[in-house]
Structure formats: structure tokens, C-alpha cells
Amino acid sequence: MGRRVGISCKVYHGDMFLGEAEAFPISNNNSSSKGQGLPFPNSSEIRIDHLAPPSERCPPLSVLQTISPFAVRCKVQAKSLSELSLLHRLYLSCFQERKSAVVVIGNEELHLVAMPSKVEKVSCFWCCSVQTGRYTSCLGMLNLRCLAIVFDLDETLIVANTMKSFEDRIEALSRRIDGENDPIRVSGMSAELKRYIEDKDLLKQYIEMDTVSEGGRSISAQNEEVPPVPGIQEKIVRPIIRLLERNIVLTRINPENRDTSVIVRLRPAWEDLRSYLTAKGRRRFEVYVCTMAERDYALEMWRLLDPDAHLISSKQLVDRVVCVKSGKNFHKSLQHVFQDSVCHPRMAMVIDDRLQVWDDKDQPRVHVVPPFTPYYAPQAEMANAVPVLCVARNVACNVRGGFFKEFDENLLQKIYEVNYENEIVDLPSAPDVSNYLISEDVNSAQNNNREGPVVEGMTGSEAEHRMNRPVNISDERQTKPQTLLNRSSPDDEMLVDQPFASNRNLCNESGQSNLLAPSIFISVLQEIGRRCDSKVDFRFINGSNKDLQYSVEVLFSSEKIGIGMGRTMKEAQSQAAENALRNLARDYVSFIAPVASGVDTEITKHPCGNENGFLKENYSSQDESAKKEDLPVASTSENSK
């Protein structure tokens, strides 16, 4: 900025006069400055409200550039050269303790950042704008090397069913079995139906007697006290049955109403992901929940996932479990999740099984996981070398490592080189979670975000909408392996079960992926099984070759369709999947196309759009924007509509 005549103003801290200064407005920046004038309410004075907290490791300008890039509104320079002036003392205090002086204007904070100068002999500041409250919150996160992570619930971490939802799914599946002539499809659907009936029987026992029979023993419900949620929920006691070895929990949303009983299946490997988030007593991520479910239901589902409140304390539940409306005019958004300015979206990632339910601007920050389908495809969770939630954990680890590597090695280093005389464009770019989270293709084979013939949890017309999409296997693309993102944050240990931890090079000399192909074969094979309603199993057998010690057979609805051998189990599994695909391509190509189209035709007929004790459809099956979650509305019985 060239030397110009500034606007004279007096600087106060509260009512205390600190000294006189000149302020130089900044034009042509990304902020919403008021014309070419100063951003202060009274252009003749700068009235400081408070001092921001001192920082352990982050200069204020690095924080502001991360959460409000290039939002410098003006430059301020003291008139007095005296080192004894109160304004100079403020400058030294801010500079040495890495803190800023804050002017509050409604929902905006103006931070006076003490800047070094190559020329001026007086105290000088940059004035940066940020949303009220965001600086302090994000400063704490950056000092702790912490990001935010937002979880969806249904079909991402859990699948829950009531008696009503079981009845709807069993009825729909039974009709399809009655109208099906192909024995392979009948076998697959019958196995799925059996799993629904078994869980429905468990839920029925729980509803009638608060007891279930499991493995020849009777298990009674244990009363669990649910802490009150201020302003939302009083202290209540729920009868709970936990079948830990099966990842099943039975609970009652309203303890006084047995019709609100729910059987919940927890996604495998949740404990691994949960442990990583707070491992070694330190918080790597601030945790939030964003769901289209009704609040009482959402709070109870999260309590089952975080029973000791290690991820979200009871005092934080009101703000951190965010329930949004479902429907074509509603989307999830990080702005809504962080409505109290507790975090900037560029410091947050999302774990969800649906991409399109998020605002467009947030979608690059979403890690899409395959829907949890314990009834339709119970083997899917363990079919890959690393379970779905362990992959999500690895992704989170790599995102965090990449973010803070960029913050430390690029942003911080360059911020220390910025002086008062620099132009705003000289500021370095800031890290963004989306830079380290490879965008997911919602139609990819790895994250095949489509349902089986009957939707798993408490969902309805939205599921029918998803199932009616045209099937074109050739359009499916394999998701990029997010576990391979560079991770070099010094306080992140290497994850021992990260599938490709020893190979950081994604591409070979020809530019093709070295590591993508094995998972493609397995994923495509599983997808074919899904579309044909057929069970795909990998059976490990002893190898006969001392060099290729592992052998794997692929069973497609109990029929062996391929075999592979390798030096490792993973190599053998990949080889078996590839050979099975070749055999299917030769022997079943004429069968797959009509089956796939038949699935779509049949699904249009099944009536999963019914309400149940928790559920009410809020949008049409024609709604393209709301591809996920018709979850519970506030209702405590099937008659409470």
C-alpha cells in the first residue's frame, strides 16, 4: 500500500484512552467493507472491547487467514513515537503474547493484529474481520491441532427398526419372493427375510417382557439413567438390552410407551473410530452430529454410540446434535451445524452415506461411506481388507495430518514473513479440509450408495426414489483410495491396519493406480451380488504352492465361480475376485442385465413409504435433492401423527 494520508482517530480500550492513530482503509478485498471508509461505527474512534486469548503456537494473523481469508479491512498506525504511550504498550503486549485487540460490531469482530514493520518506527496493526466468536473457538482448535468431524447417524453409524418398519419390510419382501421365479434371487431374498424376522422376534420379546432369548439364555433389560439435556430432555430411565457380541442394542425412546421400542444395529468398527478421535487422552477432533431424525431419537442413538460421553459431553449435546428438516427444500449444511460460529467449515469434515443431502459448497468436505446394510448384505462390512469405519478413521487421520502439515510448513512460515507494509495479496493461502479429502463419487462402486431390494432402517419414500434410478454398471466408478493421502503431522501415529500404509505412491510410471485395481475387482463383484440379490462369499483355504501360500474361493449364492492364489490373503482375495468376474462375464452376462432392470421395476412397487411410530414422510419420492433421511419426527406412538 502506498503512503497516503490516513483518517485520524482516537483509540480506546473500553473508556480508557490509549492514543491517537491513523487508519488506512483497504479496498478491493474479499470482505464486505462499507464503501471505502473505515469499518468502525464511528470513523473518528476505535473502541477496543477486549483482548483475544494469547496463543501458544499460532500468531493471530495465521488464525484469521485460516478462518476468514484476506479479510483485512484497514491498516492502523500510531501517531506517537513514544514507547511509553498506552497504545505502544498494547502493541507490545499483543505482539509478544500472540493476541489481538478486538472491536465488536454486532455479529462481526474486528481484530487489531500487531504487525512487524521494516520501515515504521511506531506501533502498527492490521485490522481483520471475522464472525463473532469464531476466532476464539478456532484458535483453541488450531493450538490443539484439532479439527471438527460431523457424523450422520442412520445407515452411516447405525440401522434402527421398530415393529412397524419391520412389518413393512417383511411384507414388501415377501411379495417380491412370491412373484420371483429365479431360484438364485429367491435364495438371496429369503436369507434377507430370515434376518428381518429374527430381529423382529427379538424386538417383540423386548416389547412384551423386557427380556430376550439369545443363545439359549434369557437376557433381561437393565435400567440406564439418561442424564438430562438442559432445555430439551429431563432425566429419564430407559430399559436397555445390549447384545455386545452382535452389535445390537434394544432401547425405548419413550420409556412409558412400549410402541417406541427400537432395535438398533451398530456398525462394526465404530469402537476403532471412536477410540482414535480421543486416543491418548487428547482430542483430535471436535465431534458433531447432523441428522434429519427427530431430536429424542437422535439423542438416544448418539447415547448408544457414545455411552460415556467422551466425544460429546452432556452439556454440549444441545448444540452439537443438530437435527434438520427433511424434504426437497432442506439440506444439511456446515453453516447450520456451526451456527454459533464454533468452527469454520474449512476446518471440518463429514462422515455420511449420502452426498446429495449436503449443500453444494459442503460436498467437497464429505467422506461418503457405503450405506450400512446388515440385513441385505451382512458380510459387506468385513469383505474388504479394512472395515468401512476403519477406512473412515484412516481418512480422518490423513485429513488431519495433511491440514496441519500445510498449516505448519506453508501458512505459518509465510505468515512470519509478512510485514505491515505488505499488500493483502501477499498473504499465503490457507489450508482447507477439502484439499485433503478426495471427493467421492456418489455412484461409485466402493461407496455404492444404493439400497438392496428392501431398505434397511427406518426409511421410506426416499428409499423408493433412490431405488428407481436407472442401473448402468458401466457407469459405476471406483472410489479413489482415501487412506493413501499424505499424512505427516508429527503427533499422528501411523495406523497399523491402514491397508496401504507402506506405499505412499498412488501411481506407477504410466500414471495408473498401483493400488486401486484389487479393491475394484472385489467391489464390482459385491455390486453384482447386490444387484442380483445374491450372496458373495470369500472362503479362505490352505494353499498348495509354497510360494503362493494363500488360496481363496469365491462363492456366488453358494456356487463356486472363481479361485485365486497369492503370497498374502489380500493378494489371493483380489486374484479370486478378478477370476470370478471373468467367469461371470463369460457365463452370466446375459443374466445380469435383465436382473438389474428387474430389480428397478420391482422396487417401484414396494410400499416402504409408510409411517411408523417414529417416522413421517416429509417429501416426495420425486425429490432429487433429498436422497437420504426420512427419519423420526416427534412422535411417541404410532397414533401420534
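Residues numbered from 1 in each chain as written. Predicted model: local features only at pLDDT ≥ 70, side-chain atom pairs only at ≥ 80, totals over all residues. Heavy atoms only, no water.

**Student:** What's the story with the overall build of the protein chain in this structure? I'm lost.
**Tutor:** Looking only at helices and strands, the protein chain has 15 helices and 23 strands in total. Pairs at least 24 residues apart make up 70% of the contacts formed inside the protein chain by residues separated by at least 6 positions. On the protein chain, roughly 26800 Å² of surface is accessible, and the fraction owed to carbon and sulfur atoms is 49%. (Helix = DSSP H or I, 4+ residues; strand = E, 2+ residues; numbered from the N terminus. Contact = heavy atoms within 4.5 Å. Areas by Shrake-Rupley, 256 points an atom, 1.4 Å probe, with all protein chains shown as cover.)

**Student:** So what exactly am I meant to see when it comes to the side chain of Glu553 here?
**Tutor:** Position of Glu553 among the secondary structure elements: in strand S22 (residues 550–556). Residue classification places Glu553 among the buried residues on the basis of a relative accessible area of 9%. Among the polar contacts listed, one links the side chain of Glu553 to the side chain of Arg539, at a separation of 2.6 Å. A polar contact is formed between the side chain of Glu553 and the side chain of Lys560, at a distance of 3.5 Å. (Buried < 20%, exposed > 50% of the residue type's maximum accessible area, 1.4 Å probe, protein only. Polar contact = N/O pair within 3.5 Å; in protein donor to acceptor, adjacent residues only side chain to side chain.)

**Student:** How should the packing of aromatic side chains be read in this particular structure?
**Tutor:** The way to describe two aromatic rings as a pair is by their centre distance and the angle between their planes. Enumeration according to the criterion identifies 13 aromatic pairs in this entry. Ring geometry for Tyr196 versus Tyr375: centroids 4.5 Å apart, planes at 10°, classification stacked. Residue Tyr196 is found in helix H5 (residues 183–209), and its partner Tyr375 is found in the loop between strand S20 (366–368) and helix H10 (380–383); the two are separated by 179 residues along the sequence. Between Tyr288 and Phe338 the ring centres are 5.0 Å apart and the planes differ by 80°, which places this aromatic pair in the edge-to-face class. Here Tyr288 is found in strand S17 (residues 285–291), whereas its partner Phe338 is found in the loop between helix H9 (334–337) and strand S19 (348–352), with 50 residues between them in sequence. Pair check on accessibility: Tyr288 and Phe338 agree, each one buried. Taken together, the ring pairs in this structure connect Tyr91, Phe95 and Phe125 into an aromatic cluster. A cation over a ring is seen here: Arg252 above Tyr206, with NZ or CZ 4.5 Å from the ring centre. (Phe/Tyr/Trp six-rings, centres within 6.5 Å; stacked < 30°, edge-to-face > 60°. Lys NZ or Arg CZ within 6 Å of the ring centre and 35° of its normal.)

**Student:** Please clarify how the sheet that holds strand S9 (residues 147–151) should be interpreted in this entry.
**Tutor:** Across a sheet, strands are paired by hydrogen bonds formed along the backbone, either parallel or antiparallel in direction. Spatial ordering of the open sheet is given by S18-S17-S9-S19-S20, a layout of five strands whose pairing is parallel. Edge strands, defined here as strands with exactly one partner in the open sheet, are strand S18 (321–323) and S20. Averaged over all neighbouring strand pairs, the angle between strand axes comes to 25°, with direction disregarded. Across three bridges, S19 lies against S20 in parallel orientation. (Pairing = 2+ DSSP bridges. Axes fitted to C-alpha atoms, helices over the stretch in contact; angles between N-to-C directions.)

**Student:** Would you take a moment to explain the side chain of Arg274 for this structure?
**Tutor:** Its place among the elements puts Arg274 in helix H6 (residues 270–277). In contact with Arg274, not counting residues within four places along its chain, are Leu305, Asp306, Pro307 and Leu311.

**Student:** Is there a simple way to explain unusual backbone geometry in this structure?
**Tutor:** Positive phi, normally seen in glycine, also occurs at Arg145, with a value near 55°. Mapping Arg145 onto the fold places it in the loop between helix H3 (134–143) and S9.

**Student:** Even after reading the chapter, I still don't get H5, so can you show me in this structure?
**Tutor:** An α-helix turns once per 3.6 residues; consequently, residues spaced three or four apart project the same way. The end-to-end C-alpha separation of H5 is 38 Å, in line with the 39 Å expected for 27 residues at 1.5 Å each. When H5 is considered as a whole, its buried residues turn out to be Arg185, Gly188, Met189, Glu192, Leu193, Tyr196, Asp199, Leu202, Leu203, Tyr206 and Ile207. After H5 finishes, the residue Asp210 shows a positive phi value of roughly 55°. (Expected span 1.5 Å × (residues − 1).)

**Student:** It is not clear to me how the pattern of salt bridges should be interpreted in this structure. Could you clarify?
**Tutor:** Pairs can form between side chains of opposite charge whenever their charged atoms are close. The tally for this structure, following the rule as stated, stands at 31 salt bridges. Note that Asp210 is salt-bridged to Arg258, the shortest N-O span being 3.2 Å. Within this pair, whereas Asp210 is found in the loop between H5 and strand S11 (211–214), its partner Arg258 is found in the loop between strand S15 (248–252) and strand S16 (261–266), the two being separated by 48 residues in sequence. Overall, Asp210 belongs to the buried group, its relative accessible area being 19%. With its nearest N and O atoms 2.6 Å apart, the salt bridge here joins Glu553 to Arg539. (Salt bridge = Lys/Arg side-chain N within 4 Å of Asp/Glu carboxyl O.)

**Student:** How do you make sense of the packing of helix H1 (residues 60–67) against H3 when you look at a structure like this?
**Tutor:** A pair of packed helices is characterised by two quantities: the angle between their axes and the separation of those axes. Their axes nearest at 10 Å, the elements H1 and H3 cross at an angle of 105°. For the element pair H1 / H3, the angle class is roughly perpendicular. Residues Pro60, Val63, Leu64 and Ile67 of H1 form the contact with H3, whose own contacting residues are Arg134, Tyr135, Cys138, Leu139 and Leu142. (Parallel < 35°, antiparallel > 145°, perpendicular 65-115°, else oblique.)

**Student:** Is there a simple way to explain the environment of Lys405 in this structure?
**Tutor:** Structurally, Lys405 can be placed in helix H11 (residues 388–415). Separated by 26 residues in sequence, Lys405 and Pro431 have C-alpha atoms that sit 9.0 Å apart.

**Student:** What am I meant to see in the sheet that holds S16 here?
**Tutor:** Across the sheet, five strands lie side by side as S10-S16-S15-S14-S13; this open sheet has antiparallel pairing. Each edge of the open sheet is held by one strand with a lone partner, namely strand S10 (158–161) and strand S13 (222–226). If you compare each strand with its neighbour and ignore which way they point, the axes differ by 30° on average. Across five bridges, the pairing between S13 and strand S14 (residues 236–243) is antiparallel. Across the sheet, Glu225 pairs through a bridge with Val237, a residue of S14. Contacts from H5 reach S10, S14, S15 and S16, with the element oriented near 135° to S16.

**Student:** Would you take a moment to explain the packing of H1 against H11 for this structure?
**Tutor:** Contact pair H1 / H11: the axes reach a minimum separation of 10 Å and the direction vectors enclose 125°. If you check the angle between H1 and H11, you find them oblique. The way H1 lies across H11 gives a crossing that is right-handed. Together, Leu61, Ser62, Gln65 and Thr66 of H1 and Phe403, Phe407, Leu411, Leu412 and Ile415 of H11 make up the contact between the two elements. For the contact of H1 with H11, the class distribution of residues is six nonpolar, three polar and no charged. (Left-handed = near helix turned anticlockwise from the far one by under 90°. Nonpolar A, V, L, I, M, F, W, Y, C, P; charged D, E, K, R; others polar.)

**Student:** Whenever I open this one, the layout of surface pockets confuses me. Can you help?
**Tutor:** To find leftover empty space, one rolls a probe the size of a water molecule over the atoms. Each pocket or cavity is described by its volume, and for the largest pocket that value is around 700 Å³. Around the largest pocket, the lining comprises 40 residues; the ones closest to its centre are Gln379, Ala380, Ala383, Gln526 and Val536. Elements with a minimum of two residues in the lining of the largest pocket: H5, H10, helix H13 (516–531), strand S21 (536–542) and helix H14 (569–587). In terms of residues, the lining of the largest pocket owes the most to one element, H5, which gives five residues. Residue composition of the lining of the largest pocket, by class: 18 nonpolar, 14 polar and eight charged. (1 Å grid on protein atoms, 1.4 Å probe; cavity = no way out; pocket = protein on both sides within 12 Å on 5 of 7 lines; lining within 4 Å. Points joined across faces, edges and corners; volume = space filled by probe spheres on them.)

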